[in-house]
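These are the residues of each chain, in order.
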Amino acid sequence: MEHPAYGSVRPVTAYASVLLARNPDVMTLDGTNTWLVGSPDAADRIVIDPGPADRDHLELAAERPVSVVLLTHHHPDHTAGARDFAELTGAPVRALDPALCAGAEPLTDGETVEASGVRLRVLATPGHTADSVCLTVDDPAEPAVFTGDTVLGKGTTVVAHPDGHLGSYLESLRLLGDLPEGTRVLPGHGPELPDIRAISRAYLAHRSQRLGQIRTVLREHGPGITARRVVEIVYADVDPAVWPAAEWSVQAQLTYLRELEAPDGASSGPQGPSA
(Lines give C-alpha, C1' and ligand atoms only; values in the text may rest on other atoms or scores of the structure.)
Protein backbone atom coordinates (compact mmCIF):
# COMPACT_ATOMS: atom_id res chain seq x y z
CA MET A 1 0.00 0.00 0.00
CA GLU A 2 1.40 3.40 -1.00
CA HIS A 3 0.60 7.02 -0.27
CA PRO A 4 -2.06 8.30 -0.73
CA ALA A 5 -4.34 5.60 0.71
CA TYR A 6 -7.64 6.82 2.16
CA GLY A 7 -9.69 4.79 4.59
CA SER A 8 -6.92 2.30 5.38
CA VAL A 9 -4.27 2.08 8.07
CA ARG A 10 -0.98 1.87 6.18
CA PRO A 11 2.08 0.41 7.97
CA VAL A 12 5.25 2.50 7.53
CA THR A 13 7.68 1.18 10.17
CA ALA A 14 7.55 -1.62 12.74
CA TYR A 15 6.04 0.86 15.24
CA ALA A 16 4.20 3.44 13.08
CA SER A 17 1.23 3.30 10.74
CA VAL A 18 -0.55 6.19 9.06
CA LEU A 19 -4.21 6.95 8.42
CA LEU A 20 -4.78 9.64 5.78
CA ALA A 21 -7.76 11.95 6.30
CA ARG A 22 -10.01 12.80 3.38
CA ASN A 23 -9.40 16.54 3.61
CA PRO A 24 -7.22 17.32 0.56
CA ASP A 25 -6.82 20.94 -0.56
CA VAL A 26 -4.06 23.35 -1.53
CA MET A 27 -2.92 23.65 2.10
CA THR A 28 -3.20 20.01 3.23
CA LEU A 29 -1.87 18.40 0.02
CA ASP A 30 -3.47 14.91 -0.14
CA GLY A 31 -4.85 15.34 3.38
CA THR A 32 -3.71 15.21 6.99
CA ASN A 33 -1.69 12.23 8.22
CA THR A 34 -2.84 10.74 11.52
CA TRP A 35 -0.06 8.58 12.95
CA LEU A 36 -0.74 5.46 15.03
CA VAL A 37 2.35 4.59 17.05
CA GLY A 38 3.23 1.62 19.24
CA SER A 39 5.39 -1.48 19.41
CA PRO A 40 3.98 -4.55 17.63
CA ASP A 41 3.22 -6.32 20.92
CA ALA A 42 1.56 -3.31 22.60
CA ALA A 43 -2.20 -3.51 23.16
CA ASP A 44 -2.70 0.22 22.62
CA ARG A 45 -1.42 3.04 20.43
CA ILE A 46 -0.24 6.65 20.70
CA VAL A 47 -2.16 8.78 18.20
CA ILE A 48 -0.40 11.81 16.74
CA ASP A 49 -2.70 14.45 15.22
CA PRO A 50 -6.23 12.95 15.09
CA GLY A 51 -6.98 15.33 12.23
CA PRO A 52 -10.26 16.95 11.21
CA ALA A 53 -13.64 16.37 12.82
CA ASP A 54 -14.47 13.50 10.49
CA ARG A 55 -16.28 10.76 12.42
CA ASP A 56 -15.33 7.95 10.02
CA HIS A 57 -11.66 8.95 10.19
CA LEU A 58 -11.71 9.21 14.00
CA GLU A 59 -13.42 5.85 14.41
CA LEU A 60 -10.81 4.16 12.20
CA ALA A 61 -8.04 5.72 14.30
CA ALA A 62 -9.75 4.43 17.43
CA GLU A 63 -10.06 0.78 16.37
CA ARG A 64 -7.38 -0.09 18.96
CA PRO A 65 -7.18 1.37 22.48
CA VAL A 66 -5.34 4.72 22.67
CA SER A 67 -2.85 5.50 25.42
CA VAL A 68 -2.39 9.21 24.67
CA VAL A 69 -3.07 11.75 21.92
CA LEU A 70 -0.21 14.08 20.93
CA LEU A 71 -0.65 17.23 18.83
CA THR A 72 2.15 18.71 16.74
CA HIS A 73 0.55 22.17 16.54
CA HIS A 74 -2.80 23.93 16.73
CA HIS A 75 -3.94 24.11 13.09
CA PRO A 76 -7.47 22.68 12.79
CA ASP A 77 -6.68 20.16 10.07
CA HIS A 78 -4.59 18.42 12.78
CA THR A 79 -6.67 19.18 15.86
CA ALA A 80 -10.35 19.82 15.05
CA GLY A 81 -11.19 16.21 15.83
CA ALA A 82 -9.10 15.98 19.00
CA ARG A 83 -11.85 16.67 21.54
CA ASP A 84 -14.27 14.23 19.90
CA PHE A 85 -11.46 11.69 19.65
CA ALA A 86 -10.66 12.07 23.36
CA GLU A 87 -14.32 11.46 24.21
CA LEU A 88 -14.42 8.48 21.85
CA THR A 89 -11.30 6.84 23.31
CA GLY A 90 -10.99 8.23 26.83
CA ALA A 91 -7.37 9.12 26.06
CA PRO A 92 -5.69 12.30 27.35
CA VAL A 93 -4.60 14.95 24.87
CA ARG A 94 -1.21 16.64 25.13
CA ALA A 95 0.27 19.55 23.14
CA LEU A 96 2.74 22.36 23.74
CA ASP A 97 -0.17 24.80 24.06
CA PRO A 98 -2.09 24.18 27.34
CA ALA A 99 -5.32 25.30 25.65
CA LEU A 100 -5.22 22.19 23.45
CA CYS A 101 -4.70 19.73 26.31
CA ALA A 102 -7.35 17.55 27.91
CA GLY A 103 -6.80 15.42 30.99
CA ALA A 104 -3.01 15.84 30.94
CA GLU A 105 -0.20 18.37 31.29
CA PRO A 106 1.25 20.24 28.30
CA LEU A 107 4.27 18.86 26.49
CA THR A 108 7.65 20.35 27.37
CA ASP A 109 10.70 20.68 25.17
CA GLY A 110 13.10 17.79 25.66
CA GLU A 111 10.77 15.55 27.64
CA THR A 112 10.31 11.88 26.83
CA VAL A 113 6.85 10.44 26.32
CA GLU A 114 6.91 6.73 27.00
CA ALA A 115 3.75 4.80 26.12
CA SER A 116 2.53 1.90 23.97
CA GLY A 117 5.99 0.35 24.04
CA VAL A 118 7.78 3.30 22.40
CA ARG A 119 9.75 6.33 23.57
CA LEU A 120 9.19 9.69 21.90
CA ARG A 121 11.32 12.76 22.59
CA VAL A 122 9.67 16.16 22.27
CA LEU A 123 11.50 18.79 20.22
CA ALA A 124 10.11 22.32 20.26
CA THR A 125 10.41 23.45 16.63
CA PRO A 126 8.72 26.85 16.36
CA GLY A 127 8.52 28.55 13.00
CA HIS A 128 5.58 27.17 11.03
CA THR A 129 3.61 28.11 14.15
CA ALA A 130 4.80 29.21 17.56
CA ASP A 131 3.59 25.97 19.16
CA SER A 132 5.00 23.49 16.61
CA VAL A 133 6.75 20.40 17.94
CA CYS A 134 8.41 17.38 16.37
CA LEU A 135 8.66 13.97 18.02
CA THR A 136 11.70 11.74 17.58
CA VAL A 137 11.53 7.98 18.05
CA ASP A 138 14.04 6.38 20.37
CA ASP A 139 14.62 3.28 18.17
CA PRO A 140 18.19 2.69 16.93
CA ALA A 141 16.99 0.16 14.35
CA GLU A 142 14.49 2.55 12.73
CA PRO A 143 15.13 6.16 13.76
CA ALA A 144 12.40 8.54 12.71
CA VAL A 145 10.89 11.92 13.47
CA PHE A 146 7.25 12.93 13.31
CA THR A 147 7.46 16.44 11.87
CA GLY A 148 3.87 17.71 11.76
CA ASP A 149 3.97 20.64 9.34
CA THR A 150 7.56 21.66 10.13
CA VAL A 151 8.72 19.41 7.29
CA LEU A 152 6.30 18.03 4.68
CA GLY A 153 6.47 14.91 2.57
CA LYS A 154 6.47 17.05 -0.57
CA GLY A 155 6.85 20.73 -1.26
CA THR A 156 7.81 23.20 1.44
CA THR A 157 6.11 24.57 4.53
CA VAL A 158 4.33 27.87 4.99
CA VAL A 159 5.67 30.07 7.77
CA ALA A 160 2.29 31.27 8.97
CA HIS A 161 2.96 34.93 9.90
CA PRO A 162 2.32 36.40 12.43
CA ASP A 163 2.05 33.19 14.48
CA GLY A 164 4.96 31.73 12.57
CA HIS A 165 8.45 33.26 12.57
CA LEU A 166 11.15 32.71 9.98
CA GLY A 167 14.17 33.13 12.26
CA SER A 168 12.74 30.52 14.62
CA TYR A 169 11.93 28.25 11.69
CA LEU A 170 15.49 28.36 10.36
CA GLU A 171 16.79 27.43 13.82
CA SER A 172 14.30 24.55 13.95
CA LEU A 173 15.51 23.26 10.59
CA ARG A 174 19.10 23.36 11.84
CA LEU A 175 18.03 21.44 14.95
CA LEU A 176 16.39 18.75 12.82
CA GLY A 177 19.45 18.68 10.59
CA ASP A 178 21.50 17.57 13.59
CA LEU A 179 19.48 14.38 14.05
CA PRO A 180 21.25 11.13 13.11
CA GLU A 181 21.75 10.41 9.44
CA GLY A 182 19.05 8.13 8.07
CA THR A 183 16.35 9.40 10.44
CA ARG A 184 13.12 8.96 8.50
CA VAL A 185 10.66 11.82 8.11
CA LEU A 186 7.08 10.93 9.09
CA PRO A 187 5.26 14.16 8.17
CA GLY A 188 1.85 15.66 8.80
CA HIS A 189 1.17 15.82 5.07
CA GLY A 190 2.53 13.87 2.14
CA PRO A 191 4.55 10.66 1.98
CA GLU A 192 7.33 9.68 4.37
CA LEU A 193 10.90 10.60 3.39
CA PRO A 194 14.18 8.75 3.99
CA ASP A 195 16.46 11.28 5.72
CA ILE A 196 15.70 14.38 7.78
CA ARG A 197 19.25 15.68 7.37
CA ALA A 198 18.95 15.84 3.58
CA ILE A 199 15.49 17.40 3.75
CA SER A 200 16.59 20.01 6.29
CA ARG A 201 19.47 21.02 4.03
CA ALA A 202 17.11 21.29 1.06
CA TYR A 203 14.64 23.39 3.06
CA LEU A 204 17.38 25.73 4.27
CA ALA A 205 18.67 26.15 0.70
CA HIS A 206 15.13 26.91 -0.50
CA ARG A 207 14.63 29.55 2.19
CA SER A 208 17.98 31.13 1.36
CA GLN A 209 17.01 31.30 -2.31
CA ARG A 210 13.67 32.92 -1.52
CA LEU A 211 15.32 35.46 0.77
CA GLY A 212 17.73 36.32 -2.03
CA GLN A 213 14.84 36.86 -4.43
CA ILE A 214 13.03 39.09 -1.96
CA ARG A 215 16.16 41.14 -1.30
CA THR A 216 16.41 41.71 -5.06
CA VAL A 217 12.76 42.81 -5.24
CA LEU A 218 13.28 45.22 -2.33
CA ARG A 219 16.30 46.76 -4.04
CA GLU A 220 14.36 47.20 -7.29
CA HIS A 221 11.01 48.35 -5.86
CA GLY A 222 11.89 49.89 -2.51
CA PRO A 223 11.06 48.91 1.08
CA GLY A 224 7.44 50.10 0.76
CA ILE A 225 6.43 47.26 -1.54
CA THR A 226 3.55 45.17 -0.22
CA ALA A 227 3.80 41.48 0.57
CA ARG A 228 1.11 40.81 -2.05
CA ARG A 229 3.15 42.54 -4.76
CA VAL A 230 6.24 40.55 -3.73
CA VAL A 231 4.21 37.36 -4.13
CA GLU A 232 3.09 38.40 -7.61
CA ILE A 233 6.74 38.85 -8.61
CA VAL A 234 8.57 36.08 -6.75
CA TYR A 235 5.83 33.44 -6.92
CA ALA A 236 4.73 34.18 -10.49
CA ASP A 237 5.38 30.54 -11.47
CA VAL A 238 3.30 29.15 -8.56
CA ASP A 239 -0.40 28.30 -8.72
CA PRO A 240 -2.29 31.48 -7.71
CA ALA A 241 -4.48 29.30 -5.47
CA VAL A 242 -1.58 29.14 -2.99
CA TRP A 243 -0.75 32.86 -3.16
CA PRO A 244 -2.62 33.71 0.08
CA ALA A 245 -0.41 31.19 1.93
CA ALA A 246 2.65 32.48 0.07
CA GLU A 247 1.76 35.98 1.28
CA TRP A 248 2.03 34.77 4.91
CA SER A 249 5.49 33.40 4.18
CA VAL A 250 6.56 36.58 2.37
CA GLN A 251 5.41 38.70 5.31
CA ALA A 252 7.45 36.43 7.60
CA GLN A 253 10.47 36.90 5.35
CA LEU A 254 10.07 40.68 5.24
CA THR A 255 9.83 40.72 9.04
CA TYR A 256 12.95 38.55 9.28
CA LEU A 257 14.93 40.86 6.97
CA ARG A 258 13.88 43.89 9.03
CA GLU A 259 15.02 42.08 12.20
CA LEU A 260 18.42 41.41 10.63
CA GLU A 261 18.79 45.10 9.88
CA ALA A 262 17.69 46.22 13.36
CA PRO A 263 20.44 47.79 15.51
CA ASP A 264 20.14 45.11 18.20
CA GLY A 265 20.17 42.25 15.67
CA ALA A 266 17.54 39.66 14.84
CA SER A 267 14.66 39.06 17.18
CA SER A 268 14.29 35.60 18.62
CA GLY A 269 10.64 35.72 17.60
CA PRO A 270 7.78 33.78 19.09
CA GLN A 271 8.90 30.63 20.85
CA GLY A 272 5.59 29.03 21.82
CA PRO A 273 3.69 28.69 25.09
CA SER A 274 6.59 27.09 26.96
CA ALA A 275 8.97 30.00 26.41
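In the block above lies the structure referred to throughout.
About the criteria used
- Residues numbered from 1 in each chain as written.
- Predicted model: local features only at pLDDT ≥ 70, side-chain atom pairs only at ≥ 80, totals over all residues.
- Heavy atoms only, no water.
- Helix = DSSP H or I, 4+ residues; strand = E, 2+ residues; numbered from the N terminus.
- Rg over C-alpha atoms; globule rule 2.2 N^0.38 Å.
- Buried < 20%, exposed > 50% of the residue type's maximum accessible area, 1.4 Å probe, protein only.
- Contact = heavy atoms within 4.5 Å.
- Areas by Shrake-Rupley, 256 points an atom, 1.4 Å probe, with all protein chains shown as cover.
- Expected span 1.5 Å × (residues − 1).
- Polar contact = N/O pair within 3.5 Å; in protein donor to acceptor, adjacent residues only side chain to side chain.
- Salt bridge = Lys/Arg side-chain N within 4 Å of Asp/Glu carboxyl O.
- Pairing = 2+ DSSP bridges.
- Axes fitted to C-alpha atoms, helices over the stretch in contact; angles between N-to-C directions.
- Parallel < 35°, antiparallel > 145°, perpendicular 65-115°, else oblique.
- Left-handed = near helix turned anticlockwise from the far one by under 90°.
- Core = buried A, V, L, I, M, F, W, Y, C linked by side-chain atoms within 4.5 Å.
- Nonpolar A, V, L, I, M, F, W, Y, C, P; charged D, E, K, R; others polar.

## Observations regarding the overall build of the chain
Broken down by element type, the chain carries seven helices and eleven strands. Relative to the globule expectation of 19 Å for 275 residues, the C-alpha radius of gyration of the chain, 19 Å, shows essentially globular dimensions. Seen through its C-alpha atoms, the chain measures out along the principal axes to roughly 60 × 35 × 35 Å. Within the chain, the fraction of its 275 residues that count as buried is 53%. Counting only contacts in the chain whose residues sit at least 6 apart along the sequence, the fraction spanning at least 24 positions is 54%. Counting every atom, the chain has about 11,700 Å² of accessible surface; 52% of that belongs to carbon and sulfur.

## A look at helix H5 (residues 196–221)
For the α-helix, the turn length of 3.6 residues means that residues three or four positions removed from each other point alike. Over its 26 residues, H5 runs 37 Å from end to end, which matches the ideal 38 Å to within 8%, given 1.5 Å per residue. The set of residues buried in H5 consists of Ile196, Ile199, Ser200, Tyr203, Arg207, Arg210, Leu211, Ile214 and Val217. Those residues of H5 that are buried are in contact with strand E10 (144–148), helix H4 (166–177), strand E11 (184–187), helix H6 (227–234) and helix H7 (243–261). One side-chain oxygen at the N-terminal end of H5 lies 3.1 Å from the backbone nitrogen of Arg197; it belongs to Asp195. Phi turns positive one or two residues past the end of H5, at Gly222, with a value near 90°.

## A few points about the pattern of salt bridges
Tallied over the full model, the rule gives ten salt bridges. Glu111 is the partner of Arg94 in a salt bridge, and the nearest nitrogen-oxygen pair spans 2.9 Å. Of the two residues, Arg94 sits in strand E6 (residues 93–94) while Glu111 sits in the loop between E6 and strand E7 (112–115), which places them 17 residues apart along the sequence. Given a relative accessible area of 14%, Arg94 falls into the buried group. Among the residues examined, Glu111 registers a relative accessible area of 17% and is labelled buried. Among the salt bridges present, the one from Arg119 reaches Asp138, with a minimum N-O distance of 2.9 Å. Of this pair, Arg119 sits in strand E8 (residues 118–124) while Asp138 is found in the loop between strand E9 (133–137) and E10, placing the two residues 19 residues apart along the sequence. Overall, the relative accessible area of 34% leaves Arg119 in the partly exposed class. What you see here is one network of salt bridges that share partners, running through Arg228, Arg229, Glu232 and Glu247.

## Thoughts on the environment of His189
As for its position among the elements, His189 is in the loop between E11 and H5. In this structure His189 comes out as buried when scored by relative accessible area, which is 1%. Residues His189 and Val133, 56 residues apart in the sequence, show an inter-C-alpha distance of 15 Å. Not counting residues within four places of it along the chain, the set of residues in contact with His189 comprises Thr28, Leu29, Gly31, Thr32, Asn33, Asp77, His78, Gly148, Asp149, Leu152 and Gly153. At a separation of 3.1 Å, a polar atom in the side chain of His189 contacts the side chain of Asp149.

## What to know about the sheet that holds E11
As summarised here, the arrangement of the five strands in space is E7-E8-E9-E10-E11, forming an open sheet in which the pairing is mixed. Across the chains shown, the open sheet's two edge strands, defined by having one partner strand only, are E7 and E11. Ignoring strand direction, the axes of neighbouring strands in this sheet form an average angle of 25°.

## Quick notes on the packing of H4 against H5
Taken N-terminus to C-terminus, the directions of H4 and H5 make an angle of 155°; their axes are 8 Å apart at the nearest point. The orientation of H4 with respect to H5, classified from their angle, is roughly antiparallel. H4 and H5 meet at a crossing whose hand is left-handed. In this structure, H4 contributes Leu166, Tyr169, Leu170, Leu173, Arg174, Leu176 and Gly177 to the contact, and H5 contributes Ile196, Arg197, Ser200, Tyr203, Leu204, Arg207 and Leu211.

## Overview of the nonpolar core
In this structure, Val151, Leu166, Leu176 and Val250 are the most contacted members of the largest nonpolar core, which totals 33 residues. At the level of elements, H4, H5, H6 and H7 are the ones that each hand at least two residues to this core. Membership of the second largest hydrophobic core comes to 23 residues, among which are Trp35, Leu107, Ala115 and Val133.

## Some words on the packing of H6 against H7
Where H6 meets H7, the axes come as close as 9 Å, and the angle between the chain directions of the two elements is 110°. Judged by the angle between their axes, H6 and H7 are roughly perpendicular. As for the relative orientation of H6 and H7, their crossing is right-handed in sense. Residues Ala227, Arg228, Val230, Val231 and Glu232 of H6 touch H7, and the partners they reach there are Trp243, Ala246, Glu247, Val250, Gln251 and Leu254. The residue inventory of the contact of H6 with H7, partitioned by class, reads seven nonpolar, one polar and three charged.

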